[in-house]
Amino acid sequence: MKNKLSLCKQFLASNFSNIFFLLSPLATFIVVEILEYGGSDSKCLWPNQLAFWANILFYYGIFLLFRAITGRPRFTIVFLNFVFLVFGICNHYSIQIRNEPIVPWDLYAVGTAAEALNGFQWTIPLEIIICSIACLIWWAITIKFMHFPKQKLRTRAGSFGLSAVMLTGFVLFASVGSGNFYISAWRQVTANRKNGMALNFAINMDALFVEAPSDYSKENASTILSSVSKEDETASANDVQPNIIAVMDETFSDLSILGDLGLENTDDVMPFVHSLSGQPNTITGQLVVPAFGGGTCNSEYEFLTSNSYAFFKSGSYPMLQYVHNNTESMASVLKQQGYNTIGLHPYYGSGWARNKAYPLMGFDKFLDIDSFDDATTKYLRRYVSDESSFNKVIDLYNQNKEKSDNPLFLFNVTIQNHCGYDTVYDNFPENVNFQFDSLYPYTKQYLSLIQESDKQIKNLVDYFSKVDEPTIIVLFGDHMPYIENSFYNHLTRGSSKTTSEIELDQHTVPFFIWANYDIDTSDYANIGRISANYLGPVTMKVAGAKLSDYEEYVYSLMEKYPVISSSGCINNKGIYVPLDMAASDLHDYKIVQYQYVFDNADKILSQANKSAGSGSK
């Protein structure tokens, strides 16, 4: 027995470094999963789960491959452990900030994320501290005590072959075997916990290659479109063509729909917007948007294109991923009817690739922060204020009036209320008080910003109420804010609504359509809650503009499903319907949308010819 123990000790002593190397991929895997939410409910860490072994294949395959390539085991341990530590920390903050893990299509938005988070003040949770210290200790042990013999070519070839087998197995699990794992396009956090970050990331790779619906064809899409009765083209020939000022106000939302805000020194933080309800020539309602806490471009994409985010993978960014050619939008349709079209955003034009996407969607011009005069532009915190953004809107309106007889369609995406809310600024007093506001400093700053936005929205409406040209203003928010989760829990505590209904409420923001002339609002007196894909067609109907065939089709769906959202649907009886239960009713919409997004070569050629023809006049 003593001899056996002695032999065992000798074996461990002589192979300790190799054993340590073999433990490193497992340790790295555990660190990555602990970084997500402490790892306590990460099913992928349980060896009795298939996801555990799939992830093991990935981590061991990567470590063996890197060792085979470099021939340096110690460097492999330290470098890959560091890389995955950083990736795990990024994944942690991704979930904290936007309730979405890192997914493949986030690579399209790296630049935007860097710009948006510039100056953001981070908190460092306990799991990041513990995992970082553990990794530092692991690296120190590796560098100080691990000694590996020179990696012979034969050894490296063996590592490479074993790595190839493991990574092939992992790819097979993530592709042809993906049906064995939890897949949810709209519950990516849950999928991450069940599958593990590496496996879930790989499973989502298929979203970069969008498949057509099983019964898709152009002919089928055309048949669906033709089933909708079209407006008489001469019906609005003598109607006015009003200017259309569209404003997507950054993070403009009404948190009171979730519960009592407990306001103390004011009755309402958006009294003007609320006062518009029931006013003449005004339509007010609630808008269900695809974004929450971030992902602004998805809300503007739905508004501009009438496409529904419900048919895309959760966490994707269609405006970045799919707008690479001429794309029909509200701007391009109005442009064909004689409108001058301008996009405006008082921040970097590269954000969400607007400087590339807007011209492709039919905007004559896209203006960003460079178009604002430093001497006259007012900042709140570190962003251009809504006051300055709206003043720019007014300037552009007046320039259009002076230089052109054509009506103006202007889409302004503001920036004032952008997160984060964790720094107190000398140039912005936080005037809103509410119960327990000392516990929720993010929320206090946010509500104070909304109060300021409401004042500037009033000023914008007041200005256009005095102009002679018929003008419509449509305004909506892009999403609710990234504030303390505990405040959201405070608002919804005791609610009789289901978790799914609360989630839908958290994707709901206010909107209004206001006109400085007489418009027919009778069809929209009880509009209530609609999804953002309908707001463009509704605005165009109110303005008397002609809708495209696609917009007419989407508009026709509002009668049966006023809300179509990845968070769920609402039918014409006001009943919440999970998206998967409404899928059969929405299948035709999915077919037509696929044609407009992914199979639109004929439409692109047609638009190009129209543009060339107009340019030669």
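As shown above, the structure is provided for reference.
For every chain, the first residue of the written sequence is number 1, and numbering continues from 1 along that sequence. Whole-chain, interface and lining totals are the exception, using all residues; otherwise, since this is a predicted model, local features are given only for residues with pLDDT of at least 70 and side-chain atom pairs are given and counted only at 80 or more. To get the side-chain values, take all heavy atoms of the structure and skip hydrogens and water.

Enquirer: It is not clear to me how the overall build of the protein should be interpreted in this structure. Could you clarify?
Expert: Helix and strand labels come from DSSP, where a helix needs a run of H or I of at least four residues and a strand needs a run of E of at least two; each type is numbered from the N terminus. Regarding its fold elements, the protein presents 23 helices and 12 strands. Each residue is assigned to one of three classes by its accessible area relative to the maximum for its type, calculated with a 1.4 Å probe on protein chains only: buried under 20%, partly exposed between the two thresholds, exposed over 50%. When the 617 residues of the protein are sorted by exposure, 55% land in the buried category. Any two residues whose heavy atoms approach within 4.5 Å are treated as being in contact. Put simply, of all contacts in the protein between residues at least 6 apart along the chain, 78% involve residues at least 24 apart. Throughout, the Shrake-Rupley method with a 1.4 Å probe supplies accessible areas, and for residues the shown protein chains are the sole cover considered. Put simply, the protein shows about 27500 Å² of open surface, and 56% of that area lies on carbon and sulfur atoms.

Enquirer: What should I look at first to understand the pattern of salt bridges in this one?
Expert: Where charged atoms from two side chains of opposite charge come close, those side chains can pair. Each reported salt bridge corresponds to a side-chain nitrogen of Lys or Arg within 4 Å of a carboxyl oxygen of Asp or Glu. What the rule picks out here adds up to 10 salt bridges. Of the charged contacts in the structure, one is a salt bridge between K444 and D437, with a shortest N-O distance of 3.7 Å. Look at K444 and you get buried, because its relative accessible area is 16%. As a salt-bridge pair, K541 and E552 come within 3.5 Å of each other at their nearest N and O atoms. Placement of the pair is K541 in helix α19 (residues 532-543) and E552 in helix α20 (residues 549-557), with a sequence separation of 11 residues. Taking the relative accessible area as the measure of exposure, E552 reaches 6% and is therefore buried.

Enquirer: Where do I start with the packing of α20 against helix α22 (residues 587-598) in this structure?
Expert: Helices that pack against each other are described as a pair by the angle of their axes relative to one another and the distance between those axes. Note on method: axes are straight lines fitted to C-alpha atoms, helices fitted across the in-contact stretch only, with angles between N-to-C directions ranging 0 to 180 degrees. As a packed pair, α20 and α22 sit with axes 11 Å apart at the nearest point and diverge in direction by 155°. Classed by the angle they form, the pair α20 and α22 counts as roughly antiparallel. Between α20 and α22 the crossing geometry is left-handed. Across the interface between the two elements, Y550, Y553, V554 and L557 from α20 touch D588, Y589, V592, Q593 and Y596 from α22. Classes in brief: Ala, Val, Leu, Ile, Met, Phe, Trp, Tyr, Cys and Pro nonpolar; Asp, Glu, Lys and Arg charged; the others, Gly included, polar. Among the residues forming the contact of α20 with α22, the class breakdown is 7 nonpolar, 1 polar and 1 charged. Angular relationships are summarised with four words: roughly parallel below 35 degrees, roughly antiparallel beyond 145, roughly perpendicular across 65 to 115, and oblique for the angles in between. Helix crossings fall into two classes, left-handed where the near helix is turned counterclockwise from the far one by less than a right angle and right-handed where it is turned clockwise.

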